[in-house]
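What follows is the residue order along each chain.
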Amino acid sequence: MSAAAIRETWLLFHHTTRIGLREKAGLLFSAVQPLCFLVLFGPIFATIGTWETLVPGLIVQLGLLSAGLAGFGVVFDWRSGVLERLRVTPASRLALLLGRVLNNAFTLMIQTVLLVAAAYALGLRAPVGGVLAAMVLVIVLGVSLAALSYAAALTLNEHLFAPVMTTAVVPLMLLSGAFLPMSMAPGWLEALSRVSPFRYVLEAMRELFAGHYWNGTVAAGAAVVVVFTAASLVIGGRIFNRENA
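Along each chain, residues carry numbers from 1 onward, in the same order as the chain's sequence is written. Reporting in this predicted model follows two pLDDT cut-offs: at least 70 for local features of residues, and 80 or more for side-chain atom pairs to be given and counted; totals over whole chains, interfaces and linings ignore these cut-offs and use all residues. For side-chain calculations, the full set of non-hydrogen atoms in the structure is used, while hydrogens and water are omitted.

(A) Representation of helix 9 (residues 158–175). Across its 18 residues, helix 9 extends 27 Å between first and last C-alpha, which sits within 8% of the 26 Å expected from 1.5 Å per residue. By the burial criterion, the buried members of helix 9 are Phe-161, Met-165, Val-169, Met-173 and Leu-175. Projected down its long axis, helix 9 shows its buried positions confined to an angular sector of 140 degrees, all on one face. With respect to the buried face of helix 9, the exposed residues turned more than 90 degrees away are His-159 and Thr-167. Looking one or two places after helix 9, you find Gly-177, whose phi comes out positive at around 85 degrees. Numbering of helices and strands starts at the N terminus; helices are DSSP runs of H or I of at least 4 residues and strands are runs of E of at least 2. What a helix is expected to span follows from its residue count: subtract one and scale by 1.5 Å. Think of it in three bands: residues with accessible area under 20% of the maximum for their type are buried, residues over 50% are exposed, and the middle band is partly exposed, with areas taken using a 1.4 Å probe on protein chains only. Working note: the arc is built from the helix axis to C-beta atom directions.

Structure below.
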């Protein structure tokens, strides 16, 4: 990226982040469901499993609900005419996408910190180093989810985006093994889950929460999230350029 594109990305990121931080209710809204699972389901799960297993799953759920539904912002911008005004600006189309995506990743980071803090209060005892490393994976994953969400919002009919995306979240979450390890699933379901990149990221996060900082599972999760994010940005960038040309 050129220096001008980096500056444009920063300006849009700063602008959208400032607006987002003023709307504290919206910042907390996507984290409500994972927090409810943490408080209401966590104590039950802790009798058969561990907080270090459950909390990474809730973080992936949070990512799907927060960054994964970021495209709603584009739908609203299209309705209000904001996208039309962006088309006539000299700003790089890639910068317009990245500024939004980075804001969504930043929002996800704040929500994840709140969720982890609540989990520590309830009984989580994961090492801080492992939690911080897992958060890096989450932030990168948030970038990919937001980029794909924007691509979907610009591709689907505005009335279809909400039902399609909210319906997709549930199977993606379950196939990742967010609530129970997929090793417990029937063979066909376990094989299907291996197609999902979220499974590998989640398994890597659970290893990090357990204090295992580098092994085959962590390496696989890191590799998958990097490749998935790169592909998501390419797809999102092309669709964003096409729709805002």
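(B) Geometry of the packing of aromatic side chains. Centres within 6.5 Å are what make two rings of Phe, Tyr or Trp a pair, Trp counting through its six-membered ring; a difference in plane orientation under 30 degrees is then read as stacked, over 60 as edge-to-face, and the rest as tilted. One pass over the full model with this rule turns up five aromatic pairs. The interplanar angle of 85 degrees and the centroid separation of 6.4 Å between the aromatic rings of Phe-37 and Phe-41 together place this pair among those described as edge-to-face. Pair noted here: Phe-37 and Phe-41 are both in helix 3 (residues 32–45), with a separation of four residues, about one helical turn. Since its relative accessible area comes to 28%, Phe-37 is described here as partly exposed. Joined through ring pairs, the aromatic side chains of Phe-37, Phe-41, Phe-45 and Phe-179 make up one cluster.

(C) Focus on the packing of helix 3 against helix 4 (residues 51–66). Fitted lines through C-alpha atoms serve as axes, helices being fitted only where they are in contact, and the angles separating the N-to-C directions of these axes extend from 0 to 180 degrees. At a minimum axis separation of 10 Å, helix 3 and helix 4 run at an interaxial angle of 160 degrees. Classified by the interaxial angle, the pair formed by helix 3 and helix 4 is roughly antiparallel. For the pair helix 3 and helix 4, the crossing hand works out as right-handed. Here Gln-33, Pro-34, Phe-37, Leu-38, Phe-41, Gly-42, Pro-43 and Phe-45 of helix 3 come into contact with helix 4, specifically with Trp-51, Thr-53, Leu-54, Val-55, Leu-58, Gln-61, Leu-62 and Leu-65. For this classification, the nonpolar set comprises Ala, Val, Leu, Ile, Met, Phe, Trp, Tyr, Cys and Pro, the charged set comprises Asp, Glu, Lys and Arg, and every other residue, Gly included, is treated as polar. Across the contact of helix 3 with helix 4, the residue classes tally to twelve nonpolar, four polar and no charged. Any angle from 65 to 115 degrees is called roughly perpendicular, while one under 35 is roughly parallel, one over 145 is roughly antiparallel, and all others are oblique. Whether a crossing is left-handed or right-handed is set by the direction in which the near helix is turned from the far one by less than a right angle, anticlockwise for left-handed and clockwise for right-handed. Contacts between residues were defined by any pair of non-hydrogen atoms, one from each residue, lying within 4.5 Å.

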